[in-house]
Amino acid sequence: MHLSANEGIEGVRFAVTGGQGFVGAALCLELLRRGAREVRSIDLRTASPWSQQLLDAGVRTFQALPKYEAANQCPLRGH
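Residues numbered from 1 in each chain as written. Predicted model: local features only at pLDDT ≥ 70, side-chain atom pairs only at ≥ 80, totals over all residues. Heavy atoms only, no water.

With respect to burial, strand β2 (residues 38-43) is a largely interior element, 6 of its 6 residues being buried. Covered by surrounding structure in β2 are E38, R40 and I42 together with V39, S41 and D43, the residues of both alternating faces. With 5 bridges connecting them, strand β1 (residues 13-17) and β2 associate as parallel partners. Note on β2: the bridge partner recorded for V16 is S41. For the segment spanning β1, helix α1 (residues 22-33) and β2, crossover handedness is right-handed. Here 4 bridges tie β2 to strand β3 (residues 60-63), and the two strands are oriented parallel to one another. The residue of β3 that forms the bridge with D43 is Q63. Chirality of the crossover, the property in question, places the unit of β2, helix α2 (residues 51-57) and β3 among those that are right-handed. (Buried < 20%, exposed > 50% of the residue type's maximum accessible area, 1.4 Å probe, protein only. Helix = DSSP H or I, 4+ residues; strand = E, 2+ residues; numbered from the N terminus. Pairing = 2+ DSSP bridges. Right-handed = clockwise from strand over helix to strand, strands pointing away.)

Function cannot be read off these values alone, since they describe shape.
Structure (structure tokens):
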């Protein structure tokens, strides 16, 4: 079985934990480059050296919290 480089990525929404880190940021950008519909970065940090690049590319960034006060604050909910 041969899959294209974009097989299973195009048009799909992704959430990347640790998206503000070196590897996570690279993954977010690569997913968008390959046609992901939306990429959400979830990290404990509010910013990193890659934050602006992620925002410019259209990645939605969220700070992970130990608990969400309301279910509608969870970044994994499809809005």
